[in-house]
Amino acid sequence: MPERSSNLQMRRVLRWLLMAGLSYMFATLAVLGGLALLPKEKQLSLSEAFVGWLVMGLAGFLFAVMAVRLRRRSRS
């Protein structure tokens, strides 16, 4: 029985890591796509730190949304 519990825990950890990675990937693509729509002067005026925080914030938001959906689905 302990082996099954350990296996289940490993699956959960891997699922959370996958969700975090996917959130970061989609956030990066969304921010880069949004930057591509801006005029060249505006693109160059944005600081790298701002873009980085924007990616991290969007990734955190996406991760939270995915976690809520996963918890709702597992409860039903």
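About the cut-offs
Residues numbered from 1 in each chain as written. Predicted model: local features only at pLDDT ≥ 70, side-chain atom pairs only at ≥ 80, totals over all residues. Heavy atoms only, no water. Helix = DSSP H or I, 4+ residues; strand = E, 2+ residues; numbered from the N terminus. Rg over C-alpha atoms; globule rule 2.2 N^0.38 Å. Buried < 20%, exposed > 50% of the residue type's maximum accessible area, 1.4 Å probe, protein only. Contact = heavy atoms within 4.5 Å. Areas by Shrake-Rupley, 256 points an atom, 1.4 Å probe, with all protein chains shown as cover. 1 Å grid on protein atoms, 1.4 Å probe; cavity = no way out; pocket = protein on both sides within 12 Å on 5 of 7 lines; lining within 4 Å. Points joined across faces, edges and corners; volume = space filled by probe spheres on them. Nonpolar A, V, L, I, M, F, W, Y, C, P; charged D, E, K, R; others polar.

Chemist: Would you mind going over the overall build of the protein with me for this structure?
Modeler: When helices and strands are tallied, the protein shows 3 helices and 0 strands. Ordered by position in the sequence, the α and β elements of the protein form the string α-α-α. A globule of 76 residues ought to have a C-alpha radius of gyration of about 11 Å, yet the protein, at 17 Å, is considerably larger. Expressed along its principal axes, the backbone C-alpha trace of the protein runs to roughly 60 × 25 × 15 Å. Counting all 76 residues of the protein, 13% fall into the buried class. Considering only residue pairs separated by 6 or more positions, the protein has 78% of its internal contacts joining residues 24 or more positions apart. For the protein, the accessible surface area stands at approximately 6500 Å², while carbon and sulfur atoms represent 66% of it.

Chemist: Just checking my understanding: could you explain the layout of surface pockets for this structure?
Modeler: Think of a ball as big as a water molecule: rolled over the atoms, this probe shows where empty space is left. For the largest pocket, the calculated volume is near 190 Å³. Lining the largest pocket, in full, are Leu8, Arg12, Arg15, Trp16, Leu70, Arg71 and Ser74. With 4 residues, the top contributor of residues to the lining of the largest pocket is helix α1 (residues 2-37). Classifying every residue of the lining of the largest pocket gives 3 nonpolar, 1 polar and 3 charged.

By themselves, these figures tell us nothing about what the structure is for.
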